[in-house]
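Now for the letters of each chain:
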Amino acid sequence: MSFFKKALGAVGIGAAKVDTILTSSQAMPGGEIAGLVKIKGGKIEQSINKIDLEILCTYKKETEIEDSEGNSKTVTEKKKHKLNDYKLEKTFVISPGEEVEIPFSMTLSEDAPLTISDQKNAWVSTNLDIDMALDKSDKDYIQVIPNTLQQAVLNALAAMGFKLYASDCEAAKSRVPFVQDLEFKPHYGDFQGRLDELEVIFLNRGNQLELMIQVDRKVRGLVSLLEEELGLDETNLRLLISEENLETLPETLYAMIDRHC
């Protein structure tokens, strides 16, 4: 090997590159993400110490701070959370121009946030433990689709006339440091004109799904206006469902929402 190639390799030029190809990039919470890690050797022989793969997502955290004059303001930070990881703790040497493919599969955490519309809030991050490489990481977005229980809730709300219009992952004190807040508005049906919005949080509990629902009532008259100004126009509800009660879920949800609006 020439001195010139060694010198370039020492600063990462001409080093091995990594590319992760997802063979299954779509999964339900608790499902499987699989693929291949493709490593292509550069211009010099290099030692790969290990390969790290992580499934990451982002959420927002709001913090109240005071400025130098004592005025408070809200600062929003974008935080990362690791949902799963996979490590290949095996050292091997890759020759110049050599191509190596390493298959992998990871179970997606049941806390993974759903992919709503064109959001990109979860991805697989690949990193090679290799000295001085410039291109030793890769990022591949995944699509998290609703599981059976989540989809049943979404179908029931859609049948009542609710339309999902916003989704956000926000910091919260739960099993993981965030929850995904799904916001619905009534576009037609019995709740149009009676509710401003409906907020729903899914909490997967193995074979069960816990729903946290906030009903934001529509302002009607002076009493309702006063309630809204005092923050009393919102009602928080909880419901635990399983496959055994899916058949009655639409009626249960309807009655619960109707009772509090």
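See above for the structure.
Let me begin by describing the structure that accompanies this report. (Residues numbered from 1 in each chain as written. Predicted model: local features only at pLDDT ≥ 70, side-chain atom pairs only at ≥ 80, totals over all residues. Heavy atoms only, no water.)

**Considering the overall build of the protein chain**
Here is step 1 of the chain: Across its full length, the protein chain holds four helices and 16 strands.
Here is step 2 of the chain: With 261 residues in all, the protein chain has 42% of them scored as buried.
Here is step 3 of the chain: The contacts in the protein chain between residues at least 6 apart in sequence include a share of 62% that link residues at least 24 apart.
Here is step 4 of the chain: Surface summary for the protein chain: the accessible area is close to 14500 Å², and the carbon and sulfur share equals 49%. (Helix = DSSP H or I, 4+ residues; strand = E, 2+ residues; numbered from the N terminus. Buried < 20%, exposed > 50% of the residue type's maximum accessible area, 1.4 Å probe, protein only. Contact = heavy atoms within 4.5 Å. Areas by Shrake-Rupley, 256 points an atom, 1.4 Å probe, with all protein chains shown as cover.)

**Here we look at helix 2 (residues 148–159)**
Here is step 1 of the chain: Here helix 2 contains twelve residues, and its C-alpha end-to-end distance of 16 Å stays within 8% of the 16 Å for a straight helix at 1.5 Å per residue.
Here is step 2 of the chain: Near the N-terminus of helix 2, the side chain that reaches the backbone nitrogen of Leu149, with its oxygen 3.2 Å away, is that of Asn147.
Here is step 3 of the chain: Among the residues trailing helix 2, Gly161 stands out with phi positive, at a value near 105°. (Expected span 1.5 Å × (residues − 1). Polar contact = N/O pair within 3.5 Å; in protein donor to acceptor, adjacent residues only side chain to side chain.)

**Brief notes about the packing of aromatic side chains**
Here is step 1 of the chain: The final tally for this structure, using the stated rule, is five aromatic pairs.
Here is step 2 of the chain: Three or more aromatic residues joined by ring pairs form one cluster here, namely Phe162, Phe191 and Tyr254.
Here is step 3 of the chain: Sitting over the face of the ring of Trp123, Lys139 holds its NZ or CZ atom 4.3 Å from the ring centroid. (Phe/Tyr/Trp six-rings, centres within 6.5 Å; stacked < 30°, edge-to-face > 60°. Lys NZ or Arg CZ within 6 Å of the ring centre and 35° of its normal.)

**Here we look at the packing of helix 2 against helix 4 (residues 249–259)**
Here is step 1 of the chain: It is the contact of helix 2 with helix 4, at a shortest axis distance of 9 Å, that shows an interaxial angle of 60°. Taken together, the axes of helix 2 and helix 4 are oblique relative to one another. In this structure, helix 2 meets helix 4 at a crossing whose hand is right-handed. The segment helix 2 lies against helix 4, with Ala152, Val153, Ala156 and Leu157 engaging Leu249, Pro250, Leu253 and Ile257.
Here is step 2 of the chain: A breakdown of the residues in the contact of helix 2 with helix 4 according to their chemical character gives eight nonpolar, no polar and no charged. (Axes fitted to C-alpha atoms, helices over the stretch in contact; angles between N-to-C directions. Parallel < 35°, antiparallel > 145°, perpendicular 65-115°, else oblique. Left-handed = near helix turned anticlockwise from the far one by under 90°. Nonpolar A, V, L, I, M, F, W, Y, C, P; charged D, E, K, R; others polar.)

**Things to note about the state of the cysteines**
Here is step 1 of the chain: As enumerated under the stated definition, the model contains zero disulfides in all.
Here is step 2 of the chain: The thiol sulfur of Cys57 is not disulfide-bonded, and the nearest other cysteine sulfur, from Cys169, lies at 6.1 Å.
Here is step 3 of the chain: Residue class for Cys57 comes out buried when judged on its relative accessible area of 0%.
Here is step 4 of the chain: Judged by relative accessible area, Cys169 falls into the buried class, the value being 7%. (Disulfide = S-S within 2.5 Å.)

**Notes on the layout of surface pockets**
Here is step 1 of the chain: By volume, the largest pocket amounts to about 230 Å³.
Here is step 2 of the chain: Together, 17 residues line the largest pocket, and Asp111, Val179, Gln180, Phe202 and Leu203 are the ones closest to its centre.
Here is step 3 of the chain: Elements represented by at least two residues in the lining of the largest pocket include exactly strand 13 (178–186) and strand 14 (195–205).
Here is step 4 of the chain: When its volume is computed, the second largest pocket comes out at roughly 160 Å³.
Here is step 5 of the chain: Along the walls of the second largest pocket sit Pro29, Glu110, Asn147, Thr148, Leu149, Asn204, Gly206, Asn207, Gln208 and Glu243, which together make up its complete lining.
Here is step 6 of the chain: Of the residues assigned to the lining of the second largest pocket, the class counts are two nonpolar, six polar and two charged. (1 Å grid on protein atoms, 1.4 Å probe; cavity = no way out; pocket = protein on both sides within 12 Å on 5 of 7 lines; lining within 4 Å. Points joined across faces, edges and corners; volume = space filled by probe spheres on them.)

**Comments concerning the pairing of strand 9 (residues 122–129)**
Here is step 1 of the chain: Taking burial as the measure, the eight residues of strand 9 include six buried ones, the bulk of the element.
Here is step 2 of the chain: Sheet topology places strand 5 (residues 50–66) next to strand 9; eight bridges connect them, and they run antiparallel. Of the residues in strand 9, the one forming a bridge with Cys57 is Ala122.
Here is step 3 of the chain: The pairing of strand 9 with strand 10 (residues 137–141) spans five bridges and is classified as antiparallel. Its bridge partner being in strand 10, Thr126 is matched across the sheet by Asp138. (Pairing = 2+ DSSP bridges.)

**Quick notes on the environment of Gln208**
Here is step 1 of the chain: Relative to the helices and strands, Gln208 is located in strand 15 (residues 208–217).
Here is step 2 of the chain: C-alpha of Gln208 to C-alpha of Glu243: the two residues are 35 residues apart in sequence and 7.6 Å apart in space.
Here is step 3 of the chain: Ignoring any residue separated from it by four or fewer positions in sequence, one finds Gln208 in contact with Leu149, Leu203, Leu240, Ile241 and Ser242.

**Thoughts on the side chain of Asp52**
Here is step 1 of the chain: For Asp52, the location among the structural elements is in strand 5.
Here is step 2 of the chain: Reaching out from Asp52, the side chain makes a polar contact with the side chain of Lys87 at a distance of 3.3 Å.
Here is step 3 of the chain: Dropping the residues within four chain positions of it, Asp52 is found in contact with Tyr86, Lys87, Ser125, Thr126 and Asn127.

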